[in-house]
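The residues making up each chain are set out below.
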Amino acid sequence: MNKLNSMIDRFVYRHPNFGIPNLMRFVVAGQVLVYLLYMFSNAGAIAFLCFDLNHLLHGEIWRLVTFVFVPDSFRPFSFIIMLSFYYFVGTSLEREWGTARFTLYYLSGMALSVLATVLASLITGYYSLTLSSAYYLNLTLFLAFAAMYPDAGIMLYMIIPLKAKWLAIADVVLIGWSMLRSLLAGSVIGVVVPLVSLLNVLIFFWPEITGMLGIQTRRVRHQSSHQTIQFKAAARQQRKKEAAQGYRHKCSVCGRTDTDYPDLEFRYCSKCAGYHCFCQDHIYNHVHFTEE
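Residues numbered from 1 in each chain as written. Predicted model: local features only at pLDDT ≥ 70, side-chain atom pairs only at ≥ 80, totals over all residues. Heavy atoms only, no water.

Okay, the nonpolar core next. Generally speaking, soluble globular proteins have nonpolar side chains that are buried together. Among the nonpolar cores identified, the biggest contains 45 residues, and Phe67, Leu93, Phe102, Tyr106, Leu141, Phe142 and Phe145 are the most heavily contacted of them. Within the residue set of this core, elements represented by two or more residues are helix H1 (2-14), helix H2 (23-39), helix H5 (76-97), helix H6 (99-124), helix H7 (135-148), helix H8 (164-185) and helix H10 (199-204). Leave out the neighbours within four places in its chain, and phenylalanine 67 touches Leu49, Cys50, Phe51, Met110, Ser113, Val114, Leu131, Ser133 and Ala134. In terms of nonpolar packing, the next biggest core, distinct from the first, is built from nine residues, Cys251, Phe266, Cys279 and Ile283 among them. (Core = buried A, V, L, I, M, F, W, Y, C linked by side-chain atoms within 4.5 Å. Buried < 20%, exposed > 50% of the residue type's maximum accessible area, 1.4 Å probe, protein only. Helix = DSSP H or I, 4+ residues; strand = E, 2+ residues; numbered from the N terminus. Contact = heavy atoms within 4.5 Å.)

Below, the structure written as structure tokens:
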């Protein structure tokens, strides 16, 4: 997982122009068109958009992509709420990560959803097992959002205010319980599909997850501890300098400061040696400092 996460970081750094800007707009527009198609025709009219291994083997390769345009619900109120919510979540992640990383996350989620369906089909021998929406893909978007903004307020059913982290924990618990029930019942599909689909979150957030759980090798743990001490010491030195500066944050790549650009977001990279700040355009697109 660490190697995959490092490969993602390198890919995003080397290909800053990769991706589809405002990707969620295209997804939302596609779902609106499919919803209208459903409303003004019979339900079977959208069956050619869903993914299953049987049709893929017969050359219908567009299904590898078009399943993301099938809404989770066709009830008008639920459709509007869910579409608005996932558009908000997706655009927030793209703004935080940048287009390249967000597009890679979305494409990875699509690929894993398809892979989960294919594996379940091969294991059960039932090739018509259908992936009829991007439910798990959308769930990975929300889990990523909750990891980035754990204290963000979410109005459940437009009435109950809850923090994103509590909703994410509830989702994980419910999925875990559902997988356990499927396992006890001998249902391979109920275990394989959610497990493989949600690997996206593990891959992209593995360092954070291992950090919280303390699952590290001795060597990595020693390096991490040493780096943490250096980071904290450098942070104390940085705070002493702030009083004498006309700004608090300055990007170590482009030199922009929070004084000159008050609307720009700045973050510090704990993987760099020392205490180095980066603007939102370079936090994921920079070469890590190895010496102070």
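Right, let's talk about helix H9 (residues 189-197) for a bit. Because the α-helix completes a turn every 3.6 residues, residues three or four places apart line up on one side. By the criterion of burial, H9 is predominantly enclosed, with seven of the nine residues buried. Taken residue by residue, H9 has Gly190, Val191, Val192, Val193, Pro194, Val196 and Ser197 as its buried positions. Buried residues in H9 make contact with H6, H7, H8 and H10.

Attention shifts here to the packing of H6 against H7. Packing of H6 against H7 leaves a shortest axis separation of 9 Å and a crossing angle of 140 degrees. It follows that H6 is oblique to H7 by the angle criterion. Every pair of crossing elements has a handedness; the one defined by H6 and H7 is right-handed. Each of Phe102, Tyr105, Tyr106, Gly109, Met110 and Ser113 in H6 lies in contact with H7, whose residues at this interface are Leu137, Thr140, Leu141 and Ala144. Each residue belonging to the contact of H6 with H7 can be placed in one class, and the counts come to seven nonpolar, three polar and no charged. (Axes fitted to C-alpha atoms, helices over the stretch in contact; angles between N-to-C directions. Parallel < 35°, antiparallel > 145°, perpendicular 65-115°, else oblique. Left-handed = near helix turned anticlockwise from the far one by under 90°. Nonpolar A, V, L, I, M, F, W, Y, C, P; charged D, E, K, R; others polar.)

Residue asparagine 22 is not a glycine yet carries a positive backbone phi of 55 degrees. Secondary-structure assignment places asparagine 22 in the loop between H1 and H2.

Attention now moves to the confidence of the model for the chain. Here the chain averages 81 in pLDDT, while 83% of its residues score no lower than 70. The least confident element of the chain, judged by mean pLDDT, is helix H12 (residues 218-242) at 51; the most confident is helix H4 (residues 63-66) at 94. Between residues 216-226, whose pLDDT stays under 50, and residues either more than four places distant or in other chains, the model counts three contacts. (pLDDT = per-residue confidence, 0-100.)

Bringing the pattern of salt bridges into the picture now. Considering all chains together, one arrives at five salt bridges under this definition. For aspartate 151, the salt bridge identified is with lysine 163, shortest N-O distance 3.8 Å. One end of the pair, aspartate 151, is in the loop between H7 and strand S3 (153-156); the other, lysine 163, is in strand S4 (residues 160-163), and 12 residues separate them in sequence. Residue aspartate 151 is classed as partly exposed on the basis of its relative accessible area of 49%. Here aspartate 151 and lysine 165 are joined by a salt bridge, their closest N and O atoms 3.3 Å apart. (Salt bridge = Lys/Arg side-chain N within 4 Å of Asp/Glu carboxyl O.)

This part is about the environment of histidine 55. On the secondary structure map, histidine 55 appears in helix H3 (residues 53-57). Sequence separation between histidine 55 and serine 128 is 73 residues, and the spatial gap between their C-alpha atoms is 7.8 Å. Setting aside residues no more than four positions away along its own chain, histidine 55 makes contact with Glu60 and Arg63.

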